[in-house]
Amino acid sequence: MATSFQTPAPELTFREQQDARERNELDYEVTVNVLGLPSAEHQADADAVRVTSADIGVLAAWLDEKGGTVSRLATTHGVTVWTLSTVAGADEGYVGCRVLVTVPVPESGWVPCEVVSAVAA
């Protein structure tokens, strides 16, 4: 019996990938506009929207509004990379595409306690 770890995900055609990117872009834009979330540099892919910012406030706003899981990665260059994994969706009960919000912060930089405590949760 094959498990999900053994069975590769089906390959999407180019058209299916384009359609998924467009749906994810729309999900992200509607969520930002309806909920008043800060917009930042982002790239819509078929599997998620990847948001990058130099402002930890962007990540904090998404965490406060949408919740999710926060991870942090300390680099050897004095920078900690914080990433929130959440979902888009402005309507209650609607779960949109996956959104990954990533922010590099200097080790001596300020990070809101809500973000720090979300890592431990």
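Here we summarise the structure given alongside this text. (Residues numbered from 1 in each chain as written. Predicted model: local features only at pLDDT ≥ 70, side-chain atom pairs only at ≥ 80, totals over all residues. Heavy atoms only, no water.)

1. A closer look at the sheet that holds strand β3 (residues 69-74)
The mixed open sheet is built from five strands, whose spatial order is β1-β2-β5-β4-β3. The sheet is open, and its two edges are formed by β1 (41-44) and β3, each paired on a single side. Recorded for the sheet is a direction-independent mean angle of 20 degrees between the axes of neighbouring strands. As judged from the six bridges shared by β3 and strand β4 (residues 79-87), these two strands associate in the antiparallel manner. (Pairing = 2+ DSSP bridges. Helix = DSSP H or I, 4+ residues; strand = E, 2+ residues; numbered from the N terminus. Axes fitted to C-alpha atoms, helices over the stretch in contact; angles between N-to-C directions.)

2. Focus: the packing of aromatic side chains
Counted by the stated rule, this structure contains one aromatic pair. Considering the side-chain rings of Tyr28 and Trp62, the 5.8 Å spacing of their centres and the 5 degrees angle between planes classify their relative orientation as stacked. Residue Tyr28 is located in helix α1 (residues 14-35), and its partner Trp62 is located in helix α2 (residues 56-66); the two are separated by 34 residues in the primary sequence. Accessibility expressed as a relative area gives 0% for Trp62, which makes it buried. (Phe/Tyr/Trp six-rings, centres within 6.5 Å; stacked < 30°, edge-to-face > 60°. Buried < 20%, exposed > 50% of the residue type's maximum accessible area, 1.4 Å probe, protein only.)

3. Here's the deal with the pattern of salt bridges
Following the criterion strictly, the structure yields four salt bridges and no others. Between Asp19 and Arg15 there is a salt bridge; the shortest N-O distance is 2.7 Å. Taken as a pair, Asp19 and Arg15 lie in helix α1 at a separation of four residues, close to a single helical turn. Of the charged contacts, one joins Asp47 and Arg50 as a salt bridge, the two residues approaching to 3.1 Å between their closest N and O atoms. Judged by relative accessible area, Asp47 falls into the partly exposed class, the value being 48%. Members of the salt-bridge network, linked through shared partners, are Arg15, Asp19 and Glu22. (Salt bridge = Lys/Arg side-chain N within 4 Å of Asp/Glu carboxyl O.)

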